[in-house]
Each structure stands twice: as structure tokens, then as C-alpha cells.
Amino acid sequence: MNRIILKKQLSDDVFMMKIAAPHIAEERKPGQFVILQLDTDFGERIPLTIADADAEEGSVTIIYQAVGNTTHRLSKLNEGDRIQNLLGPLGQPTHIEKFGSVVCVGGGIGVAPLHPIAKALKQAGNHVTVIIGARNKDLIILEEEMKTIADELIICTDDGSKGRKDLVTAPLKELCEKNPKPNLAVAIGPPIMMKFAALTTKPYGVHTVVSLNTIMVDGTGMCGGCRVTVGGQTKFVCVDGPEFDGHLVDFDNMMLRLGSYKAKEEEDHHKCHLDLQIEQLQKNS
Amino acid sequence: MHISAEELKKNAQLILSEIKDKSLSNKERTAIPLQEMPAQDPKIRINNMEEVAQGYSREQALVESRRCLQCASAPCVEGCPVQINIPGFIKAIEEENFEKSIGVIKEASLLPSICGRVCPQESQCQEKCTVGKIFKDPNKSVSIGRLERFVADWEASEAKRSIPEIKPSTGKKVAVIGSGPAGITAAADIAKEGHEVVVFEAFHKPGGVMIYGIPEFRLPKKIVEDEIETLKKMNVTIKQNFLVGRSRTLKDLLEKDGFSAVFIGTGAGLPKFMGIEGENLVGVFSANEYLTRSNLMKAYKKDTAATPIYPSKKVMVFGGGNVAMDAARTAIRLGAEEVSIVYRRTEAEMPARIEEVAHAKEEGIKFRLLENASKIIGDEKGRVKAVELVTFELGEPDASGRRRPVQVKGSEHVVEADTVIVAIGNESNPLIKQTTQELEVNKYGNIIVDENCKTSMDRVYAGGDIVLGAATVILAMGEGRKAAAAINKLL
Ligand SMILES: Cc1cc2nc3c(=O)[nH]c(=O)nc-3n(C[C@H](O)[C@H](O)[C@H](O)COP(=O)(O)OP(=O)(O)OC[C@H]3O[C@@H](n4cnc5c(N)ncnc54)[C@H](O)[C@@H]3O)c2cc1C
Ligand SMILES: Cc1cc2nc3c(=O)[nH]c(=O)nc-3n(C[C@H](O)[C@H](O)[C@H](O)COP(=O)(O)OP(=O)(O)OC[C@H]3O[C@@H](n4cnc5c(N)ncnc54)[C@H](O)[C@@H]3O)c2cc1C
Ligand code: SF4
Ligand code: SF4
Ligand code: FES
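Residues numbered from 1 in each chain as written. Chains lettered and ligands numbered in written order. Predicted model: local features only at pLDDT ≥ 70, side-chain atom pairs only at ≥ 80, totals over all residues. Heavy atoms only, no water.

> I tried to follow the sheet that holds strand S10 (residues 127–134) of chain A on my own but got confused; where do I start?
All names here are of chain A. The sheet built from seven strands is open, its strands ordered S12-S11-S10-S9-S13-S14-S17 with mixed pairing. Here the strands that pair on one side only, and so sit at the sheet edges, are strand S12 (164–165) and strand S17 (243–245). Bridging between strand S9 (residues 101–107) and S10 involves seven bridges; their strand directions are parallel. Pairing of Gly107 across the sheet is with Gly133, part of S10. Against the sheet, helix H3 (residues 111–123) engages S9, S10, strand S13 (184–188) and S17, with an angle of about 165 degrees to S9. (Pairing = 2+ DSSP bridges. Helix = DSSP H or I, 4+ residues; strand = E, 2+ residues; numbered from the N terminus. Contact = heavy atoms within 4.5 Å. Axes fitted to C-alpha atoms, helices over the stretch in contact; angles between N-to-C directions.)

> I keep staring at helix H1 (residues 5–19) of chain B and nothing clicks. Help me out?
Every α-helical turn comprises 3.6 residues, leaving residues that sit three or four positions apart pointing alike. All names here are of chain B. For H1, which comprises 15 residues, the first-to-last C-alpha distance of 21 Å matches the rise-based estimate of 21 Å (1.5 Å per residue) to within 8%. Those residues of H1 that sit buried are Leu8, Ala12, Leu16 and Ile19. Viewed along the axis of H1, the buried residues span an arc of 70 degrees, placing them on a single side of the element. Among the exposed residues of H1, those oriented more than 90 degrees off its buried face are Glu6, Lys10, Leu14, Ser17 and Glu18. (Expected span 1.5 Å × (residues − 1). Buried < 20%, exposed > 50% of the residue type's maximum accessible area, 1.4 Å probe, protein only. Arc of directions from axis to C-beta.)

> Explanation requested: the sheet that holds strand S6 (residues 59–65) of chain A in the structure shown.
Within a sheet, adjacent strands bond to each other through the backbone by hydrogen bonds, running parallel or antiparallel. All names here are of chain A. Taken together, the five strands give an open sheet; going across it, the order is S5-S6-S2-S1-S7, and neighbouring strands pair in antiparallel fashion. Single-partner strands in this sheet number two, and they are strand S5 (52–54) and strand S7 (82–83). Strand direction decides the pairing type here: strand S1 (residues 2–11) and strand S2 (residues 14–20), joined by six bridges, are antiparallel. Paired with Lys7 across the strands is Met17, a residue of S2.

> Which parts of the structure should I look at to understand the interface of chain A and chain B?
Bring the parts together and some accessible area is lost; that lost area is often taken as the interface size. With 44 residues of chain A at the contact, the number on the chain B side is 43 residues. Of the roughly 3,700 Å² buried where chain A meets chain B, counting both sides, 54% is carbon and sulfur surface. It is Phe42, Met222 and Tyr261 of chain A in chain A that bury the most area against chain B; as a group they hold 21% of the surface buried on that side. Remark: the boundary between chain A and chain B carries three salt bridges. The residue Lys205 of chain B makes a salt bridge to Asp41 of chain A at a minimum N-O spacing of 3.1 Å. Here chain A and chain B share 22 residue pairs in polar contact (both at pLDDT 80 or more) between them. Among the secondary structure elements, those contributing two or more residues to the side of chain A that touches chain B are helix H1 (22–27), strand S8 (85–90), strand S15 (227–230), strand S16 (233–236), helix H8 (251–258) and helix H9 (262–284) of chain A. (Buried area = accessible area lost by both parts, 1.4 Å probe. Salt bridge = Lys/Arg side-chain N within 4 Å of Asp/Glu carboxyl O. Polar contact = N/O pair within 3.5 Å; in protein donor to acceptor, adjacent residues only side chain to side chain.)

> Help me understand the packing of helix H6 (residues 86–94) of chain B against helix H7 (residues 98–108) of chain B in this model?
A pair of packed helices is captured by two measures, namely the crossing angle of their axes and the spacing between those axes. All names here are of chain B. It is the contact of H6 with H7, at a shortest axis distance of 8 Å, that shows an interaxial angle of 170 degrees. Classified by the interaxial angle, the pair formed by H6 and H7 is roughly antiparallel. Contact residues: H6 offers Gly88, Phe89, Ala92 and Ile93, while H7 offers Phe98, Lys100, Ser101, Val104 and Ile105. Classifying every residue of the contact of H6 with H7 gives six nonpolar, two polar and one charged. (Parallel < 35°, antiparallel > 145°, perpendicular 65-115°, else oblique. Nonpolar A, V, L, I, M, F, W, Y, C, P; charged D, E, K, R; others polar.)

> How should the environment of His247 of chain A be read in this particular structure?
Residues and elements named next belong to chain A. Structurally, His247 can be placed in the loop between S17 and H8. Spatially, the C-alpha atom of His247 lies 6.8 Å from that of Thr208, the residues being 39 residues apart in sequence. Of the polar contacts made by the side chain of His247, one reaches the side chain of Thr201; its length is 2.8 Å. From its side chain, His247 meets the backbone nitrogen of Lys202 in a polar contact 3.5 Å long.

> Is there a simple way to think about the site of ligand 4 in this case?
Residue and element names in this part refer to chain B. Every residue lining ligand 4 is accounted for by Cys68, Leu69, Cys71, Pro75, Cys76, Pro87, Cys129, Thr130, Val131 and Ile144. Listed by contribution, the elements that provide at least two residues to the shell around ligand 4 are helix H5 (75–79) and helix H10 (130–134). Considered class by class, the residues forming the shell around ligand 4 number nine nonpolar, one polar and no charged. (Near = heavy atom within 4 Å.)

> I would appreciate a short explanation of the packing of helix H4 (residues 58–65) of chain B against H6 of chain B in the present structure.
All names here are of chain B. Closest axis-to-axis distance for the H4/H6 pair is 8 Å, and the angle between their directions is 125 degrees. In this view, H4 runs oblique relative to H6, as classed from their interaxial angle. The hand of the H4/H6 crossing is left-handed. Counting all contacts with H4, which are made through Ala61, Leu62 and Ser65, the residues of H6 involved are Ile90, Ile93 and Glu94. Here the residues of the contact of H4 with H6 are counted per class, giving four nonpolar, one polar and one charged. (Left-handed = near helix turned anticlockwise from the far one by under 90°.)

Read these as spatial facts, not as claims about activity.
What follows is the structure in C-alpha cells.
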């Protein structure tokens, strides 16, 4: 059982939690994730990136968006509450070295998993440009944290409420056109964003790492539920990934597979929203 | 067709009243009719997850035990991977001394209530049984597994279970990785010697395949949970949510965490796919995933479980082993309208337990034999809509003497399906190997061990599916025992 040490709401439906997990804090490396389950008998196991960790305090930080059943229930827990099951660290750590100049692209909640990677790349001596994209200014997370890491920070919003009114692919393209072009791109966000980020860098031959957020069950390589097609081969995201060469990933297939349980999840989602609304009404009355 | 448990019990009572106090000749013994296993009515059981086979009544057990000839050479014992004294425990049933009977079994086996249910008896103990030989049919052998289950269940129902005696603490620590049958057995045998044992399990519940793979209707989870409880009472610590190789490396356990020895019982993992077109479409699952969702995550309890399971109407399962039967029978219970098993050879070659094949047929599962999938076809949304199959015929015998299936040219045909479950076996999980270079594995990734289950690394032992490839519960248990004995000797 892992205690929640700290909880913060970062935006409308994005939350940050620090959870006591000394073992994971000690072993984890950038790029790795945990699997969390709220109820041993009936809970779902969901993967979340380790956004940060403090080995001394023995804590890991997760940042998540309340999108469905489990993330909603998680968002209702408070400091002092316990999480029944937490497994990690999982997945292959990011390959960190001095590449030269690196551009890190984060979309929406993808900025959370991007943060530890950008930090490690900076510490390894790279020149780091960070591009953050969000639908509007309220959905931007970790801006301050990224500011302290990045040599250059570019913000894009779909509605222009902050930074450039652009998709992240626009500044990414500009950087690729520069001379010298970046030595590496890291793109993490919604699959559709990663797909287009990879398509943007491809003509310039800029190697692009993406971190895939497939549906998972065990996270240990046993079930095959997380499989994706990479360069025509089947790979398991939980053990072979989560990071892959973005130019080789079959994003279309991955997006279809992410929608496997849509009907059931949408039903749950409505229920969750209803719960939240009722709670809100009760609070107000 | 379906005979109820009450009727079977009544029949047994009648037979028993005639033979009970007689001394029986071998001829009279072989004339006693084989006792069928009472089972839930197929029409009812396809709508529930409860155990199908209900176990012998006392009367049936007493009758069945009298079919045993008490052969001096006991060929059946040879067929049992852990050499249970089979005539011994059956004799004790005949004498109605069940306590003695379970005692005899437990000298050799730690998990009789499980093995009695899931052992492939027809290819192990019962294959060699003299009675089966007389009838030239191993299905007519003495029902050794059913009798074993009977006494094990008797022990549980009488609350007669005792905790094995533990020797005084030695102060030494042993790590067991994985809590399947191999790990459970190794942990128990090492703990008995007074060593401190910590079992590391990746999942949130211990038990291995017995919890996440084999369904409730074949092996009630309560039985496995009871075994785990016994382990805990023996002072064994179980650390769930701990993936060795990631949460901690094997070497750290030995070098930093003070473990004197390690047993690796991590099972098979890593499902095989067939490498055909369409395998990553929506609606294609490995049996591991499908069964884990249903068993471990309880997705069959649709109202309470958070984990979803795919809503299927027409399901096609590829494979012919226990795993394929379990997946098919789970799908039917989850409400599929039509479930077929596609197998490349004939029924005679199916590796599944005979009882499971029979149960699957009773439940209305279709068998497409001598067929195999060549392509999975999707709709415009990337969901499975059909499977292309090819037909096979049996050709010349191969090196193993089995007639090889050969594809019939131009036999491609398309069959509608919305769900495909692939159950063609597992490869070994590479995680521990990846993070422990010194550990030697063969080309399939199975850990190489010597006759004492010792690996290429000092103080590191391994057993079960990770060594044998896909095996059985009883073999995994046997290896756990062997390794524990070697570890106890080492310390
Ligand atoms: C390696 C990895 C790291 C991740 N890191 C983070 C993170 O740091 N922060 C974060 O907020 N999320 C992260 N995710 C995604 C997160 O796991 C999902 O949002 C979560 O499983 C949703 O669970 P739920 O029960 O709340 O929603 P559900 O009810 O399961 O789903 C709600 C909606 O989300 C979609 N969905 C389901 N699973 C996923 C998924 N894995 N990815 C994207 N959409 C999904 C569904 O189709 C549905 O529309 C990560 C995923 C992976 C594989
Ligand atoms: C669906 C199905 C049906 C079957 N039916 C039968 C049957 O009827 N009869 C029969 O005899 N056999 C059957 N088998 C086979 C039998 O279950 C296995 O041979 C047996 O369970 C192997 O035992 P094991 O202890 O080696 O491993 P497992 O039972 O596989 O247990 C291994 C455990 O180790 C854990 N683990 C793995 N890696 C790590 C790690 N790095 N760190 C920590 N923990 C880890 C896993 O989570 C798992 O719990 C069936 C198998 C399946 C899948
Ligand atoms: S353990 Fe299995 S093989 Fe051995 S006697 Fe029992 S049923 Fe037969
Ligand atoms: S071989 Fe059959 S008949 Fe003979 S002792 Fe064994 S179980 Fe009894
Ligand atoms: S989540 Fe099961 S194999 Fe990756």
C-alpha cells in the first residue's frame, strides 16, 4: 500500500500526486512508468509515467489527466489515502547521452512524461529546445519546470490564448529547416500529435523518439495487449518500449487499438462525470 | 444424457452395498463400473463461472477405490512426475481412512487439491494403470486424479489442514521469484528448514497461472488462495507488485539485499503470435490477455469490475491445448453466440486434457479440425470481421511418428468472426535474462539448469515453465521441490 504524500490540481482535469514508493524511487530512470491499481479485486491496472522521483524522500510523482473510470477515481483520493497496488519501474529507460541539440515536443498531458527526459537530456549536456502544445492556455502544465530546464521554450495553443497560435508541428518544422538541424527529436503526446511530429521530422532525417501510451494489462510482457507494429514487426510496448523510433511506428493501427473498449469506457466516463456533477451540486447546495 | 450428481451417488450406493464388506478378486474389481465425475449441467454452466466438475461423493470414492488392483509393481507411480504412492493412498480410501490417505499423498505432493483437478492424468499416472491396459483404454483406468481430489477436498472441508512443522530459524534468507506452483513449492520446502523466505510476485495477487490463467470453472481461486494462506502461516513473506529485473535486479538481491540463494520460477509469459496478416487488428487477443482480463481482473463480473472485456458474438480460438479450451469456454460464458476452436491436426493430437475437450463439446463449442488460419480480415474501422482459413490433410508420418498435416492447395475459405483468440503457446519472458547477463539460456530463452535445477550462476536455481517451456502444474511443483532440496543442502 502506497500513501499519497501530496496532491495538486494542475488544470481542470489534470492532477499531480506524490506517492510514497521508496523502492521505485530508488531504481527508476527517465522514461519509465508505473502500473497502478486502486482495488485489488475489481480495479483496472493503468500505466502512468514517473514524472519525477525523489530517492531520498522515497517518493515518485505522477501527473495524470482524469479521462476515464480509474483516473477519475484516482483524482478523488486525497493526501494520506493509500493506493492499493503500485508496480514499477517498468519499461526500458530512455537512452540518454550527449547528442548535441535536442528538441523535445510535448502535447497536452504528454508534457508530464517528457519532463524527466528533457531534464536528463539537459543534464547530459545537450542544448534542449522544448515545445509545449495545448488546446488552450488553461491546459498547459509544467511550464515553470520546463522553463528551468530548457534553453529555449516555445508554447503553442490551438486557440492562440497563449504563445503561438499553431500546432506543435509548425515550430518543429522550422527547427528542422535550420542549419544545423536538431540531432534528435523526442515527441510525447496524443498519438495523433506523435504521428504528425514524426511525419514532420522524417523528410529532414531527424531521428525522432516517441513514447507510446497503449492499453496495458500486466506491463510485464505476459499478455501482449500493448502490442504495436514497428517497422512491420510486432513489439510489446511494456517491455520493448515505451519508446520507439517514431518513423517506424504504425500510428494508425495503434490508434484503432486504443479505441478497442470505447463503447464500455464511454459509458463509464458518463457515469464518472455524472458522479462529479452530483458531487459539485451537493457541495454548492 | 447428463446424469445428475444425486443419481451418480445413488448408483454408487447400490454398488457399494453389494461389494463393501467383500474381499474382492481382481476380476470382480475390474467388473466394477468406472465412476463418472459429477458435473454441472452444460445448459446451466455455460451461464456461470462456477466449477464444472463437482467432485466424487464419498460413496463414489469408495466404489472407485475398489477398482484399483493394488499392483505390486505399481506402474501408475512411474507415470506420476512426483511419484505419489498411488496404491497406498487408494488403499487408505478403500479402508475409509481419509486422513491416512491424504498423509500418503502429501509425502510426495504439496498441492493435491490442484493437481487432482488439473493434471493431464491420461498421459501421466492413468496412462500406465493396469486397469486401463486391461481395457486397452487409458480412459478406463482407475480415476486416480479424481480420487486424489476427493481426499484433498475432504481434508479442506473437515478443516483438517495442518501447518507443516518449521525448524528453528537459521538466520539465512532465500528469495523466490514468482508465485506459481514452482515458486510456492520451493518456498514451502525451504521455509520448513527454518530459512527465511521472501516470494516476489509481479502481479497484485499471488498464484501464477493458477490465478490468472486457469479459469474459476476449472480451478476455484479459493483453493489457490488457501495454499497461499498456508505459506504465509509458515512465515513466508509474499511481496506482490515486485518485478525482479526492474523493481530490483537479481544480482542486487544476492549482493545488496542479503539473500543467500535465489529460486527463479517466473513461468512462461510472452505469448506467441502466428505472424499472419491482421494479427494486430482490434479484436485479436492472446489467450493470456483474454484469460487475465477475465480471471485476474474479474472482467466477467461486468457490473463491478473496472477492466473491460471485448464484447464478442463469433469467436475463433486458434490452438488445441488447455489454454485454447479455457479461452473458448470462457468466451461462451461471457455471452458469445458461437465459439469455434481451430486446430491444424486432428482431435487425437490435441494436447488438451481429454476431460476439457469433452466438456468444451458439451458446452457447444465447435471444433474446426485440420484447419488453420492464414489471414485475419478487418473492417474499415480496423476491427476483425472474418478469418481466412486453409484446410489440411494428414500426410506422411514425421520423425516423431505423428502424421504431418499438409496444407491442401487452393483450400482458402473465409469464415465470419468478430473476435480471434490466439492460444498457440508462449515464449519465455526475457526480462530477468536481459538484466542478468551471466544467466545462461537456450535458444528459446529457457534457463539452462543442471539435474539439481542449478543455473549457470552460483546460488541461483530455477524451475517450472521458465526452464521447461510450457509444462504442467505438477512438473513445475516437482522442480520446485528439487531446487528447494538443493538450496537446503547448499545453505
Ligand atoms: C507507458 C504509458 C505511460 C502513460 N503515462 C501517462 C501519464 O503520465 N499521464 C496520463 O495522464 N496518462 C498516461 N498514460 C495513459 C493512461 O494510462 C490512460 O489515460 C489511462 O489508462 C486511462 O485509464 P482510465 O480508466 O481512467 O480510462 P479508461 O476508462 O480506460 O479510458 C478513457 C478514455 O481514454 C482512452 N484510453 C484508454 N487507455 C488509454 C491509454 N493507455 N492511452 C490513451 N488513451 C487511453 C480510452 O479509449 C477512452 O476513450 C500512459 C500510458 C502508457 C501506456
Ligand atoms: C490457460 C492455461 C491453462 C493451463 N491448464 C493446465 C492444466 O490443466 N494442467 C496443468 O498441469 N497445467 C496447465 N497449464 C500450465 C501450468 O499452469 C503451468 O505449467 C504452471 O503454472 C507453471 O508454473 P510456474 O510456477 O513455472 O509458473 P507460473 O504459474 O507461470 O507462475 C509464474 C509467476 O511468476 C511471476 N513472475 C514472472 N516474472 C516475474 C518477475 N520478473 N518478478 C516477479 N514475478 C515474476 C508471474 O507473474 C507469475 O505469477 C495451463 C496454463 C495456462 C496458461
Ligand atoms: S499428481 Fe498428477 S500424475 Fe501424480 S498421481 Fe496425482 S494426478 Fe496423477
Ligand atoms: S496401476 Fe492402476 S490398478 Fe495398479 S496400483 Fe496403480 S492405480 Fe491401482
Ligand atoms: S501489457 Fe501485457 S504484455 Fe505489455
